[in-house]
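# A closer look at the structure
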Amino acid sequence: MSLKQITLFASVALALCVPGQLSAHHAFGAEFDPNRPLILRGPVTKVEWVNPHAWIHLEITNDDGSKESWAVEGGTPNTLLRRGINKNSLVPGTLIIVDGYQSKDRSNRANGRDITFADGSKIFMGTSGTGAPEDGRDPKER
Amino acid sequence: MKREVLLKALLIGLLALSPQTLLAGQDQIPDLSGNYDIATLTPLERPRMFGENLYLSKEAAEKITADNARLISATSRDSDPNREAPPTGGDGSRGAAGNVGGYNFFWIDRGDDAFEIDGKFRTSIIYAPSDGRRKLTEAGTQKRRKRFAAFRPNKGQAWWLKTGGQGPYDDPELRGLGERCLLGFGSTSGPPMLPVLYNNVKRIVQTPDHVMILTEMVHDARIIRLNSQHLPTEIRRWMGDSIGHWEGDTLVVDTTNFGSRPGLGLASENLHVVERFKRTDDKTLLYSFTVEDPTVWAEPWSGEYPWPATEHSVYEYACHEGNYALGNILRGARLLEAEAEAGGS
């Protein structure tokens, strides 16, 4: 096999790896509105560890001091369970940042396009084993 | 003399027994039961540049593994904690991500490498036709075209109002089987049972009369009746009607009686699948299959890939209970329609 073929096959394999290129439980494009981008910052209030997709709830504080509850959609929790991660790995009170787009039905729901701790690190990465936050408030304690 | 006749009769009797009866009589039917993680980076259809080449070099396979590990590592990197919201009008992502992006890579579990059979890596799961690609009939091509027509770039608008006729969100039953929690996407429950983006663990339970295969995604249990007849053709099922028998050490499963929308993309109610399960060592099954559906594909196609045993469990799925997305999608469509009719976007 030529180097070109190897590279091409790898690029095909990698193209298949990009989440956006793959079929999933449902098309996020059907559910979320590209004209309503969001960045949400606030403490986790609840984690719905459910299929087909998990939902992470958080509370945000608006500029005028008012509070709003939002829910962001993730993927299947089963994948994470197999890596030793469960709903208790993200405890209420943990500060998170989520960017995504609001649901087309204008409810306080969004896709969890990128879900991170307050320092920008991915919430479920590097938490293999029992590496849940010690008190859930300081991501540096992971 | 009498003894010779008896011996001859015994010999003839033994020869008349089929190998499977012999095996059954001696309880030597292989035990397929166990849990299997069928994830693989090898695609179903062969990338065109490989042509008729079924095999992948070891170097190429290693590169795929390394590139995949690099990709996971890259997607695991920290994001900017001071990042802004994504762009208005969409982030340009395609496919299921539909211009709004998918989700983080840590939700995904599609295996770490390409598979190998008899020490050789493969370029595709499909091995016949020899180019590893399926050929559509004219009707199959039209069906695919029609299906793609329902996908439009997501601009957050009720575009279907302008095309007339039935819109893709007019009825929940127009939505995909995965979206409705009826079958997992990508023919994960099959047949044929194919690897997908995540939830690739299968559980096989075997008895003398039945074999059950549990697919994690959307909790589908295939019940295969052994040494049985197919149900009457008017009885149709999401995963068809599966009957099986042993041919030596191989379980052969024949499935017909599908409904009008099988889990396998584009297939019709005329789908016919023959699968073979063979234990190749104490930790691996070889899964092979042949698919026929003359309304969609111009010729039958066959594939194979290993099912390695795993220590992981198959977890409950309970898809309907938490399926908020379907409601969000339909409510969203109604709201966009109302806005369009009011002269909005």
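Residues numbered from 1 in each chain as written. Chains lettered and ligands numbered in written order. Predicted model: local features only at pLDDT ≥ 70, side-chain atom pairs only at ≥ 80, totals over all residues. Heavy atoms only, no water.

### Here we look at the overall build of chain B
The number of helices and strands found in chain B is six helices and 13 strands. Projecting the C-alpha coordinates of chain B onto the three principal axes gives extents of approximately 100 × 50 × 40 Å. A burial count over chain B gives 47% of its 345 residues as buried. Considering only intrachain contacts with a sequence separation of at least 6, the fraction spanning at least 24 residues in chain B is 60%. (Helix = DSSP H or I, 4+ residues; strand = E, 2+ residues; numbered from the N terminus. Buried < 20%, exposed > 50% of the residue type's maximum accessible area, 1.4 Å probe, protein only. Contact = heavy atoms within 4.5 Å.)

### A short note on the pattern of salt bridges
Any two side chains of opposite charge can pair, so long as their charged atoms come close to each other. Applying the stated rule across the entire model yields 23 salt bridges over all chains. For Asp 105 of chain A, the salt bridge identified is with Arg 109 of chain A, shortest N-O distance 3.5 Å. Note on Arg 109 of chain A: relative accessible area 23%, which makes it partly exposed. Residues Arg 225 of chain B and Asp 241 of chain B are paired through a salt bridge, measuring 2.8 Å at the closest nitrogen-oxygen approach. Of this pair, Arg 225 of chain B sits in strand β8 (residues 220-226) while Asp 241 of chain B sits in strand β9 (residues 241-247), placing them 16 residues apart in sequence. Note on Asp 241 of chain B: relative accessible area 1%, which makes it buried. (Salt bridge = Lys/Arg side-chain N within 4 Å of Asp/Glu carboxyl O.)

### Comments concerning the packing of aromatic side chains
Counted by the stated rule, this structure contains 20 aromatic pairs over all chains. Centre to centre, the rings of Phe 28 of chain A and Phe 32 of chain A are 5.6 Å apart; their planes meet at 65°, and the pair counts as edge-to-face. The exposure class of Phe 32 of chain A is buried, given its relative accessible area of 0%. Here a set of aromatic residues connected by ring pairs shows up, and it is made of Tyr 36, Phe 115, Phe 277, Tyr 287, Phe 289, Trp 297, Trp 301, Tyr 305 and Trp 307 of chain B. Its end group placed over the ring of Tyr 55 of chain B, Lys 120 of chain B keeps NZ or CZ at 4.4 Å from the ring centre. The lysine or arginine in question, Arg 134 of chain B, covers the ring of Trp 301 of chain B, its NZ or CZ lying 4.8 Å from the ring centre. (Phe/Tyr/Trp six-rings, centres within 6.5 Å; stacked < 30°, edge-to-face > 60°. Lys NZ or Arg CZ within 6 Å of the ring centre and 35° of its normal.)

### What about the interface of chain B and chain A?
Contacts between chain B and chain A engage 80 residues on the former and 75 residues on the latter. A salt bridge links Arg 113 of chain A to Asp 91 of chain B; its shortest N-O distance comes to 2.8 Å. Here chain B and chain A share 36 residue pairs in polar contact (both at pLDDT 80 or more) between them. Secondary-structure elements contributing two or more residues to the side of chain B that touches chain A are β2 (55-56), α3 (58-75) and α6 (324-341) of chain B. Considering every element that reaches the side of chain B that touches chain A, the biggest residue donor is α6 of chain B, with nine residues. Residues belonging to the side of chain B that touches chain A are distributed by class as follows: 37 nonpolar, 26 polar and 17 charged. (Polar contact = N/O pair within 3.5 Å; in protein donor to acceptor, adjacent residues only side chain to side chain. Nonpolar A, V, L, I, M, F, W, Y, C, P; charged D, E, K, R; others polar.)

### Some words on the confidence of the model for chain B
All names here are of chain B. For chain B, per-residue confidence averages 91 on the pLDDT scale, and 92% of positions sit at 70 or higher. Every residue in residues 13-26 scores below 50 in pLDDT, and together they form nine contacts with partners more than four places removed in sequence or on other chains. At the level of chain-chain contacts, confidence expressed as ipTM amounts to 0.86, with global pTM at 0.86. (pLDDT = per-residue confidence, 0-100.)

### Digging into the sheet that holds strand β11 (residues 272-281) of chain B
All names here are of chain B. Strand order in the open sheet formed by 10 strands is β1-β6-β7-β8-β9-β10-β11-β12-β13-β5, with mixed pairing between adjacent strands. If you trace the sheet from one side to the other, it starts and ends with β1 (34-37) and β5 (126-128), each paired once. Sheet twist, expressed as the mean angle between neighbouring strand axes with direction ignored, is 25°. (Pairing = 2+ DSSP bridges. Axes fitted to C-alpha atoms, helices over the stretch in contact; angles between N-to-C directions.)

### Observations concerning the environment of Tyr 317 of chain B
You can see Tyr 317 of chain B is positioned in the loop between β13 (301-308) and α6. Residue classification places Tyr 317 of chain B among the buried positions, given a relative accessible area of 2%. Between the C-alpha atoms of Tyr 317 of chain B and Phe 106 of chain B, which are 211 residues apart in sequence, the distance is 18 Å. Every residue in contact with Tyr 317 of chain B, bar those within four places of it in the chain, is listed here: Asn 51, Pro 52, Thr 76 and Asn 78 of chain A together with Tyr 198, Asn 199, Glu 216, Met 217, Val 218 and His 219 of chain B.

### Considerations on the layout of surface pockets
Residue and element names in this part refer to chain B. In this model, the second largest pocket occupies a volume close to 430 Å³. Forming the walls of the second largest pocket are 23 residues, and the residues nearest its centre are Asp 37, Ala 39, Gly 111, Asp 112 and Asp 113. Taken together, the elements giving at least two residues each to the lining of the second largest pocket come down to α3 and β13. (1 Å grid on protein atoms, 1.4 Å probe; cavity = no way out; pocket = protein on both sides within 12 Å on 5 of 7 lines; lining within 4 Å. Points joined across faces, edges and corners; volume = space filled by probe spheres on them.)

### Description of the sheet that holds strand β4 (residues 120-122) of chain B
Residues and elements named next belong to chain B. Strand order across the open sheet formed by three strands is β2-β4-β3, with antiparallel pairing between neighbours. Both edges of this open sheet fall to β2 and β3 (116-117), since each of them pairs with a single strand only. Sheet topology note: the β2/β4 ladder contains two bridges and is antiparallel. By the bridge assignment, Tyr 55 is partnered in β4 with Arg 122.

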